[in-house]
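Below, each chain spelled out in residue letters.
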Amino acid sequence: MSKIKIGNRYIGDNEKVFIIAEIGINHNGSLRLAKRLIKEAFQAGAEAVKFQKRTPELCVPVDQWYIERDTPWGRMTYIDYRFKVELSLQDYSEIDRYCKKLGIIWSASCWDEDSVDFIEQFDVPFYKAASASLTDQSLLNKKRSTGKPLMISTGMSTLKEIKDAVKFLGKENLMIAHSTSSYPCKLEELNLKMITTLQKMYIDIPIGYSGHETGLSPTWAAVALGANFVERHITLDRAMWGSDQAASVEPGGFKRLVENIRDIEKALGDGIKKIYDSEVGQRKKLRRAIS
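Residues numbered from 1 in each chain as written. Predicted model: local features only at pLDDT ≥ 70, side-chain atom pairs only at ≥ 80, totals over all residues. Heavy atoms only, no water.

Participant: What am I meant to see in the overall build of the protein chain here?
Facilitator: Helices and strands together make up the secondary structure of the protein chain, namely eleven helices and twelve strands. Taken over the C-alpha atoms alone, the protein chain extends approximately 85 × 40 × 40 Å along its principal axes. Among the 291 residues that make up the protein chain, the fraction classed as buried is 50%. Residue pairs at least 24 apart in sequence account for 64% of intrachain contacts in the protein chain once pairs closer than 6 positions are excluded. By element, 50% of the accessible surface of the protein chain is carried by carbon and sulfur atoms, the whole surface being about 14,500 Å². (Helix = DSSP H or I, 4+ residues; strand = E, 2+ residues; numbered from the N terminus. Buried < 20%, exposed > 50% of the residue type's maximum accessible area, 1.4 Å probe, protein only. Contact = heavy atoms within 4.5 Å. Areas by Shrake-Rupley, 256 points an atom, 1.4 Å probe, with all protein chains shown as cover.)

Structure below.
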C-alpha cells in the first residue's frame with residue numbers, strides 16, 4: 001500500500017485526498033497578499049499552502065538579467081523583477097507564524113539549493129520539486145538530504161525521465177504528481193489517465209495531480225481516478241499580474257473544489273457490494289418473491 005505521513009496527516013490509500021493550495025508567486029512579492037491567500041485557502045478547506053522560493057541570481061540565466069520588461073512597478077530589468085516578487089526572511093517568518101496560528105501546513109517549491117537551506121530554517125514538513133527540476137539530480141538530492149517527504153511533479157517530462165528520477169530518489173517518502181506544464185492547460189492535453197498509469201507503475205507510492213487548467217471538473221475527475229492528493233494554484237483575482245494567475249482558482253471556486261472533492265470521496269465508497277438499510281424497504285416492496 002502507498003502511504004506517507006506529512007505532519008499529523010497520512011496521505012495515500014484509504015486516506016482523504018490531501019488538498020494543496022499553490023500560492024506560488026501569486027502574492028507578487030507582497031506579504032499582505034500572501035496572508036490573504038493563506039486565509040482564503042484555509043477558509044476554503046485546503047490542508048496546505050505552498051510557495052515558490054528562488055535565489056534570482058542562481059535561477060535566472062545571466063543573458064536574461066538585463067532584458068527590460070513592463071511590470072506593475074514600472075519598467076525594470078528581468079533580474080530586478082525576479083527580486084521584486086521574492087518574499088524576505090522576515091516575510092516568511094510571519095507566514096510561518098500565521099500558518100501555525102490558523103493550523104494549516106505550508107511548504108515551498110525550492111528552485112535552487114540555497115533556497116532549500118533558506119526554507120529549512122522553518123522546518124517545513126515536506127518539499128516539492130517542480131516539473132522543471134525533475135532532472136536536476138543535485139537539487140533533488142539536496143531536498144532528499146533534509147529527510148522530509150518529497151513530492152515530484154512530472155510536467156514536460158518523458159516516462160524515462162520520471163523513471164530515472166524515482167530510481168535516483170528511491171520510493172520511500174516520495175509522492176508523484178501527474179501534471180502538464182502549460183498555463184492554462186488545454187483539456188485535451190491534461191491526459192488524466194496518466195494517473196492510472198503511474199498508479200500501476202508505482203503501487204507503493206502515493207500518486208496525485210497538479211492541475212493548471214481553467215476549470216474545476218478535471219481535478220474532480222482526477223480524484224475519481226484515485227488521486228491521493230491534488231494541487232491547484234489559488235489567486236485572489238485571475239486578472240491580476242503574474243504568469244500563473246490565469247491558470248489559478250479564485251477563492252469561491254477553491255471552496256467549491258474542496259467541497260466537491262469531499263462529496264466525491266463519500267460517493268466513491270469502498271467498492272464492496274452491499275444492500276443499504278435505505279434499500280431494504282424498496283427491496284421488499286419491489287422485488288417479486290420467487291418460489
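Picking up after the structure, the text goes on.
Participant: I tried to follow the packing of aromatic side chains on my own but got confused; where do I start?
Facilitator: Within this structure, the stated rule accounts for twelve aromatic pairs. Ring geometry for F51 against Y92: centres 5.9 Å apart, planes inclined by 80 degrees, an arrangement best described as edge-to-face. Separated by 41 residues along the polypeptide, F51 in strand β4 (residues 48–53) and Y92 in helix α4 (residues 89–102) bring together distant segments of the chain. Through a chain of ring-to-ring contacts, three or more aromatic side chains come together here, namely F51, Y92, W106, F118 and F122. For the cation-ring pair, K53 lies above F118, with the distance from its terminal atom to the ring centre recorded as 4.6 Å. Lying across the ring of W111, R54 places its NZ or CZ 4.0 Å from the centre. (Phe/Tyr/Trp six-rings, centres within 6.5 Å; stacked < 30°, edge-to-face > 60°. Lys NZ or Arg CZ within 6 Å of the ring centre and 35° of its normal.)

Participant: Whenever I open this one, the pattern of salt bridges confuses me. Can you help?
Facilitator: Throughout the structure, instances matching the rule amount to 21 salt bridges. Measuring nitrogen to oxygen at the nearest pair gives 3.0 Å for the salt bridge that ties R262 to E47. A residue pair is termed long-range when its members are at least 10 positions apart, and R262 in helix α10 (residues 251–268) and E47 in the loop between α1 (31–44) and β4 qualify at 215 residues. Overall, R262 belongs to the buried group, its relative accessible area being 16%. For E47, a relative accessible area of 19% puts it in the buried group. Taking the shortest distance from any N to any O, the salt bridge between D117 and K142 comes out at 2.9 Å. One end of the pair, D117, is in helix α5 (residues 113–120); the other, K142, is in helix α6 (residues 137–144), and 25 residues separate them in sequence. Relative accessible area serves as the criterion here: at 21%, K142 is assigned to the partly exposed category. Residues joined by salt bridges that share partners form a network here, namely R9, E47, R262 and E265. (Salt bridge = Lys/Arg side-chain N within 4 Å of Asp/Glu carboxyl O.)

Participant: Sorry if this is basic, but what is going on with the pairing of strand β9 (residues 150–153) here?
Facilitator: In summary, the side chains of a regular strand alternate between the two faces of the sheet. Alternating positions in β9 separate into two faces, L150 and I152 on one and M151 and S153 on the other, with burial throughout. Pairing analysis gives three bridges linking strand β8 (residues 127–129) to β9, with the strands arranged parallel. Bridge pairing in β9 places Y127 opposite L150. Between the parallel pair β8 and β9, the chain is carried across by α6, and the sense of this crossover is right-handed. Regarding topology, helix α7 (residues 159–169) serves as the crossover connection from β9 to the parallel strand β10 (residues 174–179), and that connection is right-handed. (Pairing = 2+ DSSP bridges. Right-handed = clockwise from strand over helix to strand, strands pointing away.)

Participant: Looking at this model, I keep getting lost on the pairing of strand β6 (residues 74–77). Mind explaining?
Facilitator: Bridge count between strand β5 (residues 68–71) and β6: four bridges; the pairing is antiparallel. Across the sheet, R69 pairs through a bridge with M76, a residue of β6.

Participant: I keep staring at α1 and nothing clicks. Help me out?
Facilitator: Helical geometry: 3.6 residues make up each α-helical turn, so side chains three or four residues apart lie on a common side. When the terminal C-alpha atoms of α1 are compared, their 20 Å separation across 14 residues agrees well with the 20 Å that a helix rising 1.5 Å per residue should span. Here α1 has its buried residues at L33, A34, L37, I38, A41 and A44. Projection of α1 onto a plane perpendicular to its axis shows the buried side chains occupying an angular sector of 140 degrees, all on one side. Looking at the buried side of α1, the elements it contacts are β3 (18–24), β4, α4 and α10. Between the side-chain oxygen of the N-cap and the backbone nitrogen of R32 there are 3.3 Å, and the N-cap of α1 in question is S30. Immediately downstream of α1, the backbone of G45 shows phi near 105 degrees, a positive value. (Expected span 1.5 Å × (residues − 1). Arc of directions from axis to C-beta. Polar contact = N/O pair within 3.5 Å; in protein donor to acceptor, adjacent residues only side chain to side chain.)

Participant: Can you help me understand the side chain of E22 in this one?
Facilitator: Secondary-structure assignment places E22 in strand β3. Among the polar contacts listed, one links the side chain of E22 to the side chain of Q52, at a separation of 3.0 Å. Beyond its immediate chain neighbours, meaning those up to four positions away, E22 contacts K50, Q52, E231, R232, H233 and I234.

Participant: Teacher, can you tell me more about a negative patch on the surface here?
Facilitator: A cluster of acidic residues, E57, E113, D114 and D136, forms a negative patch at the surface. By the element assignment, D114 lies in helix α5. Residue classification places D114 among the partly exposed residues on the basis of a relative accessible area of 44%. (Patch = residues over 30% accessible without salt bridge, like charges linked within 9 Å, V, L, I, M, F, W, Y side chains within 5 Å. Lys, Arg positive; Asp, Glu negative; His and termini not counted. Charge placed at Lys NZ, Arg CZ, Asp CG, Glu CD.)

Participant: Quick question: what am I supposed to make of unusual backbone geometry here?
Facilitator: Note: most residues except glycine have negative phi, and most peptide bonds are trans. Following Y183, the chain continues into P184 via a peptide bond in cis, with omega recorded as -10 degrees. Following the sequence through the fold, P184 ends up in the loop between β10 and α8 (193–201). The phi torsion at D123 lies on the positive side, around 50 degrees, for a residue other than glycine. Inspection of the secondary structure puts D123 in the loop between α5 and β8. On the accessibility criterion, D123 (55% relative accessible area) is exposed.

In short, geometric facts, not functional conclusions.
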